[in-house]
Amino acid sequence: MKTLLLCGGAPNQIALANRLHAIHPLAHVAVIAVPPPKRRRSLVPRLVSYTVGRPLRRAWMDLMASYDREFRAPDVAISRHVGVNACTVIELVKAEKPDLVLVSGTDLLRQELIDAIGKSAKIMNLHTGLSPYLKGGPNCTNWALALGKFDLIGNTVMWLDDGIDSGNLIATERTPLTGRESLFELHRKVMDHAHELYGRCYAQAVAGNKLPSVPQAKLASGRLFLSREWTGVQMLRALINFYLRYRPDPKLRPIELIGLETTPANEAKSARGGYRIAMLLPDLTLGGAERVALDLAREFVRLGHEVDFVLMRKFGQLRQALPEGVEVVDLQATKMRHIARPLAAYRKE
């Protein structure tokens with residue numbers, strides 16, 4: 001399957017590109033610089049953002065900095081464009097003729113671009129919010145805090161149409177939270193979950209499995225939030241709710257969600273036994289490569305394969321995040337030149 005990614009240029013989008021490329025190679029990544037607004041915000045909203053909204057702004061900046069430290073652009077053809085609807089993007093789509101186009105962090109696609117893509121491909125979109133309940137921007141996690149609806153913190157993958165986060169749903173999931181996160185930890189967990197969910201949907205698509213396409217109105221009627229509605233009052237409400245009310249909820253309010261089920265194709269692959277896959281790493285300390293390896297392992301297990309993490313040292317915080325069923329092999333090697341003998345012994349098993 002030939003895949004084209006249209007994404008923003010922020011560090012979280014580069015991290016997403018790495019995750020997707022590790023699951024199945026991307027043919028091309030088009031990095032989109034969102035055009036500046038025609039009318040600049042007045043002084044008062046900007047002052048409010050820098051004062052009242054400072055903790056929220058700082059959490060977001062720290063989030064971007066964390067991804068910037070961990071990820072670099074994947075080894076794939078990359079082009080840069082100003083605005084997703086630029087004629088250069090349409091020309092790229094016509095030249096590449098992709099089977100699937102992935103979208104994340106861009107401005108809205110206009111009908112001309114949607115029609116150009118539709119001649120050869122479907123369009124899958126990531127929304128870092130829980131559709132249909134919360135749609136729009138600038139940040140649906142912060143909107144959930146402002147509304148005091150912590151059970152509506154989550155992510156959605158959908159088939160893209162010409163509306164704002166209004167396409168038919170593929171998967172929509174709450175982000176697993178404890179209620180004890182800092183603002184930075186909350187946003188990091190939401191973003192990591194978004195990337196992981198998108199990766200799962202992408203893996204199912206490239207495997208040829210049929211994905212859901214559920215109209216949002218079948219689940220519930222939601223609300224569309226616009227960036228201009230994100231005022232100092234809403235920022236203050238979000239911060240008050242976070243610092244005073246954000247606690248673990250032992251019984252979440254029941255809402256209808258869509259998850260990815262195991263498909264008959266996956267079950268058949270599992271019945272055939274699958275492959276035994278070894279992933280060689282120095283250890284499982286926190287890092288971009290290690291997180292990508294965990295995502296791959298999770299998907300390999302889902303597809304019915306056996307996965308071994310072969311580590312130079314059985315060490316690192318990410319050991320707790322290993323998927324169920326994954327085996328860990330400790331080579332007990334302090335340097336790369338010492339792994340040959342224990343690795344050869346492992347291969348004979």
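Here the structure is shown first, and the text comes after it.
Residues numbered from 1 in each chain as written. Predicted model: local features only at pLDDT ≥ 70, side-chain atom pairs only at ≥ 80, totals over all residues. Heavy atoms only, no water.

Glancing now at the pattern of salt bridges. Taken as a whole and assessed by the stated rule, the structure comprises 16 salt bridges. Notably, a salt bridge pairs R174 with D151, separated by 4.0 Å at the nearest N-O pair. Of the two residues, R174 is situated in strand β8 (residues 169-174) and D151 in the loop between α6 (140-147) and β7 (154-159); the sequence distance between them amounts to 23 residues. Here D151 falls in the buried class, since its relative accessible area comes to 9%. The structure contains a network of salt bridges with shared partners spanning R19, E70, R188, D192, R291, D295 and R298. (Salt bridge = Lys/Arg side-chain N within 4 Å of Asp/Glu carboxyl O. Helix = DSSP H or I, 4+ residues; strand = E, 2+ residues; numbered from the N terminus. Buried < 20%, exposed > 50% of the residue type's maximum accessible area, 1.4 Å probe, protein only.)

Moving on, we come to the sheet that holds strand β10 (residues 276-281). Pairing between the strands of a sheet is mediated by backbone hydrogen bonds and can be parallel or antiparallel. With parallel pairing, three strands are arranged side by side in an open sheet as β10-β11-β12. If you trace the sheet from one side to the other, it starts and ends with β10 and β12 (327-330), each paired once. Along the sheet, successive strands turn relative to each other by an average axial angle of 25°, direction set aside. Set on the sheet, helix α11 (residues 340-348) makes contact with β10, β11 (306-311) and β12; between it and β11 the angle comes to about 165°. (Pairing = 2+ DSSP bridges. Axes fitted to C-alpha atoms, helices over the stretch in contact; angles between N-to-C directions. Contact = heavy atoms within 4.5 Å.)

The subject of this paragraph is empty space enclosed by the protein. Going through the model one piece at a time under the given rule, you end up with one cavity of 30 Å³ or more. Approximately 80 Å³ is the volume found for the largest cavity. As for the largest cavity, its lining consists of R19, I23, H195, E196, G199, R200, D295, R298 and E299. Secondary-structure elements contributing two or more residues to the lining of the largest cavity are α1 (11-23), α7 (183-206) and α10 (288-302). Per element, the largest residue contribution to the lining of the largest cavity is four residues, and it comes from α7. Its residues assigned to classes, the lining of the largest cavity comprises one nonpolar, two polar and six charged. (1 Å grid on protein atoms, 1.4 Å probe; cavity = no way out; pocket = protein on both sides within 12 Å on 5 of 7 lines; lining within 4 Å. Points joined across faces, edges and corners; volume = space filled by probe spheres on them. Nonpolar A, V, L, I, M, F, W, Y, C, P; charged D, E, K, R; others polar.)

Right, let's get into the nonpolar core. Counting 27 residues, the largest nonpolar core has L56, L145, L183, L186 and W230 as the members making the most contacts within it. Of the residues forming this core, the biggest block, five residues, is contributed by α6. With near-sequence residues (within four places) excluded, W230 lies in contact with L56, P138, N142, W143, A146, M235 and A238. Counting residues in each nonpolar core, the second largest holds 24 residues, with L5, L26, L100 and A205 among its members. (Core = buried A, V, L, I, M, F, W, Y, C linked by side-chain atoms within 4.5 Å.)

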